[in-house]
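Summary of the model geometry
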Amino acid sequence: MKDIRLDSPLKGQLVELKEVNDPAFAGGAMGLGAAVKDPDGKVYSPVDGEITVLFETKHAIGIKSVDGAEILIHVGLDTVKLNGEHFEAKVAQGDTVKKGQLLLEFDEAAIKAAGYDTTTPVLVTNAADFGQITVALADQEITSSAAGKSEAAASVDDSEYADLPKEARVAKLIEKYVGGMDNVRNAEHCATRLRLIINDKSKIDEKAIENIDGVKGQFFAAAQYQIILGTGFVDKVFAEFVKGTTFSGVSNKEEAYAQMTPIQKISRTFGDVFVPIIPVLVATGLFMGLRGAAQSLGVQFSPNVLLLSQILTDTAFIFLPALVCWSTMKRFGGTPVIGLVLGLMLVGPQLPNAWAVAGGDVKPIPMDIFGMTIGIVGYQGSVLPALVLGIFAAKLQKALKSFVPDIIDLIVTPFITLFVSMILGILIVGPIMHSLETTIFGAVSAFLQMPMGIGGFIVGGLQQVIVVFGVHHVFNALEVQLLATTGVDPFNAIITGAIVAQGGAAVAVALKTQDKKKRALYISSAVPAFLGITEPAIFGINLRFMKPFLYALVGGAFAGGVASFMHLAGTGMGITVLPGTLLYLDHLLEYLIVNAIGFGIAFGLTFTLFTPEE
């Protein structure tokens, strides 16, 4: 077979596919090649060929080279949900292109700010037709081969559709094994996968679907049943699948949201609101960690340098309501800049500073309303007032747009939205939500500070169970509030042990597995856990066998208990395990001990008590 060598179409850091946080790409189901982390925002053609796939969302490009290689460049993960925002195509589907020609530009910073991973897989999707496949970038090279890749265990009986074209046959078989079209609520597709909203999961024959000739894998994610078909082919299968239906192929995000439980909906909403602002809080936490580490080493800062460092570390929390209100307005369909201004009003310099009021240095401004005296203060570092006010303002703005004439909409709608929301926020929502926030925060803080690390033991033992149910984003608001109020995040220190424990259990399963292919798969699923992402380890290994998952919970409980007992806390949030060390530069030894306990207990229990035959 002919070998292929491709120059990377993007500049950045070349990494192996197993480091991609997506099972379809990491497992090689979509093809072989490499991925580029932190790309620079420009995609160039790696070959002479033809553009065979270019989605309206512009997040993925398929090229067929003159040598017959079918190449997929997929910018970021789940970026189809951006609907083309932050992408600009320089070519069209069907164009003939030359090697080195600019194909696409994208705003990497904006995509990250929207909460998406920009790691870009570069794949040869028909890798089985070639020998070694090498992707090169500067002095880096990654080589892979399709030789020895396992095939599906068995084929399904497709004799009744034998006379149909392949795409129609695959569509009919998928329809059959998902329980018929009556079991499908909605259907769409991205560059590589058919995405279905299913009424009754129990009617799906997953093994049969996986063994359909043309299907490269299947899994559930984000309340969608995703069937991996590959670039180009997925378009044809989708067209056959939706024939005779009312499915339009538009995003079924709302359908997926409708199928969630109330707790999952709340968690998803918190995630949608807080994930976009986490990068800022991570950066702030790194600044705090570096300053703390330097001071612990005896470095003395001049007053001016210390002032500059405080600007870096304090600004995000002083104006936290503005960030929260901006993100909330965006999530609920309002105008983000109105949310930004509304959040800034909550911390206006004319209002008494909340921290100064709490310290007794200044007093609230008294205002009499209907015979009641309300103390007006700023809401520096508060989360709930901005969150609730952002939801109200978005709903109000949408309601106003439904009847305000277009000719005066630009003036009237923002004015009424800001005026009503500001009055409501300062006089009603702010005081009520701030009181509720203070009560909740006090209760959580007391729980985490229970003697002998009991609170940390409980949280560390249960946190990954909450991840399984997909409701862990509810803790984003808690962590933000902890950082804004105390300057540190003890919750981060507790859960890092729970996360590394899942990785430890997965590594133990891999080492005890005799099958080399399975061992390689298990190790590739375990690696992301050490970067803070446990879903591949949980769903690919630990939860399937159950015992490793339970042993990992034990490791997480003890690690969380020790972290709580030592009063360990990070200077930021959003990163754990290996990347998380940057948040603990001034308490690095204690952090390493917590991670070692989580890994060691989970690994030891799994390696000693679990056998793969189970």
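In case you missed it, the structure is sitting above this.
As the structure is a prediction and not an experimental result, all values here were calculated from the model. (Residues numbered from 1 in each chain as written. Predicted model: local features only at pLDDT ≥ 70, side-chain atom pairs only at ≥ 80, totals over all residues. Heavy atoms only, no water.)

1. Some words on the overall build of the chain
Per the secondary structure count, the chain includes 22 helices and 19 strands. The globule rule puts the C-alpha radius of gyration for 614 residues at 25 Å, and the 26 Å found for the chain is close to it. Overall size of the chain, expressed as C-alpha extent along the three principal axes, is 80 × 70 × 50 Å. In the chain, which comprises 614 residues, the share counted as buried stands at 49%. Positive and negative charge centroids in the chain, built from 44 and 56 side chains respectively, lie 2 Å apart. (Helix = DSSP H or I, 4+ residues; strand = E, 2+ residues; numbered from the N terminus. Rg over C-alpha atoms; globule rule 2.2 N^0.38 Å. Buried < 20%, exposed > 50% of the residue type's maximum accessible area, 1.4 Å probe, protein only. Lys, Arg positive; Asp, Glu negative; His and termini not counted. Charge placed at Lys NZ, Arg CZ, Asp CG, Glu CD.)

2. Overview of helix α8 (residues 278–296)
Given a rise of 1.5 Å per residue, 19 residues ought to cover 27 Å, and the 26 Å separating the end C-alpha atoms of α8 matches this to within 8%. Three or more residues of α8 are buried, namely Ile278, Leu281, Val282, Thr284, Gly285, Met288, Gly289, Arg291, Gly292, Ala293 and Ala294. Count one or two residues on from α8 and you reach Gly298, which has phi positive near 95°. (Expected span 1.5 Å × (residues − 1).)

3. What to know about the nonpolar core
Residues Phe274, Leu320, Val324, Val480 and Leu568 are the most contacted members of the largest nonpolar core, which totals 60 residues. Those residues in contact with Val324 that lie beyond four places of it in its chain are Val273, Phe274, Ile277, Val383, Ala386 and Leu387. Residues Ile4, Val47, Ala127 and Ile133 belong to the second largest nonpolar core, which totals 35 residues. (Core = buried A, V, L, I, M, F, W, Y, C linked by side-chain atoms within 4.5 Å. Contact = heavy atoms within 4.5 Å.)

4. Here we look at unusual backbone geometry
Despite not being glycine, Asp38 shows a phi value in the positive range, around 50°. The class of Asp38 is partly exposed, set by a relative accessible area of 42%. Although it is not a glycine, Met452 adopts a positive phi angle of roughly 60°. Locating Met452 in the fold gives a position in the loop between α14 (406–448) and α15 (454–468). Taking the relative accessible area as the measure of exposure, Met452 reaches 66% and is therefore exposed.

5. So, the packing of aromatic side chains
Counted according to the given criterion, the structure contains nine aromatic pairs. Centroid distance Phe530 to Phe599: 5.9 Å. Interplanar angle 50°. Geometry classified as tilted. In this pair, Phe530 is assigned in the loop between α18 (516–526) and α19 (535–545) and Phe599 in helix α22 (residues 588–609), connecting sequence segments 69 residues apart. Taking the relative accessible area as the measure of exposure, Phe530 reaches 18% and is therefore buried. (Phe/Tyr/Trp six-rings, centres within 6.5 Å; stacked < 30°, edge-to-face > 60°.)

6. Notes on empty space enclosed by the protein
Per the counting criterion, the structure on display carries one cavity of 30 Å³ or more. Approximately 50 Å³ is the volume found for the largest cavity. In terms of lining residues, the largest cavity is bounded by Asp22, Phe25, His59, His74, Asp78, Thr79, Val80, Cys190, Thr192, Arg193 and Arg195. Split by residue class, the lining of the largest cavity holds three nonpolar, four polar and four charged. (1 Å grid on protein atoms, 1.4 Å probe; cavity = no way out; pocket = protein on both sides within 12 Å on 5 of 7 lines; lining within 4 Å. Points joined across faces, edges and corners; volume = space filled by probe spheres on them. Nonpolar A, V, L, I, M, F, W, Y, C, P; charged D, E, K, R; others polar.)

7. A few points about a nonpolar patch on the surface
A surface patch of nonpolar side chains, about 1100 Å² in accessible area, is lined by Phe447, Met452, Ile454, Phe457, Ile458, Leu462, Val554, Phe558, Phe565, Met566, Leu589 and Ile593. Ranked by the residues each element gives to the nonpolar patch, the list is headed by α15, at four residues. Along the chain, Met566 turns up in the loop between α20 (547–565) and α21 (577–580). (Patch = residues over 30% accessible without salt bridge, like charges linked within 9 Å, V, L, I, M, F, W, Y side chains within 5 Å. Areas by Shrake-Rupley, 256 points an atom, 1.4 Å probe, with all protein chains shown as cover. Salt bridge = Lys/Arg side-chain N within 4 Å of Asp/Glu carboxyl O.)

8. Topic: the environment of Val53
Among the structural elements, Val53 can be located in strand β5 (residues 49–54). Val53 sits in the buried class, given a relative accessible area of 5%. Sequence spacing of Val53 and Glu160 is 107 residues, and the spatial spacing of their C-alpha atoms is 31 Å.

9. Some thoughts on the pairing of strand β3 (residues 32–37)
Of all six residues making up β3, five are buried, and the element is well covered by its neighbours. The pairing of strand β2 (residues 13–15) with β3 spans three bridges and is classified as antiparallel. Within the sheet, the bridge partner assigned to Leu14 lies in β3 and is Val36. Here five bridges tie β3 to strand β11 (residues 120–124), and the two strands are oriented antiparallel to one another. If you follow Leu32 over to β11, its bridge partner there is Val124. (Pairing = 2+ DSSP bridges.)

10. Some words on helix α5 (residues 233–241)
Listing the buried residues of α5 in full gives Phe233, Val234, Val237, Phe238 and Phe241. Burial along α5 is one-sided: seen end-on, the buried residues are contained in an arc of 130°. Turning to α5, the residues buried within the fold contact α3 (166–177), β14 (184–189) and β15 (193–198). (Arc of directions from axis to C-beta.)

11. Comments concerning the sheet that holds strand β1 (residues 4–7)
The strand order across the open sheet formed by three strands is β1-β12-β13, and the pairing between neighbours is mixed. Among the strands making up the open sheet, the edge pair consists of β1 and β13 (140–145). Adjacent strand axes in the sheet meet at a mean angle of 15°, parallel and antiparallel pairs treated alike. Looking at chain direction, strand β12 (residues 132–137) and β13 are connected through six bridges and run antiparallel. Across the sheet, residue Ile133 finds its bridge partner in β13, namely Ser144. (Axes fitted to C-alpha atoms, helices over the stretch in contact; angles between N-to-C directions.)

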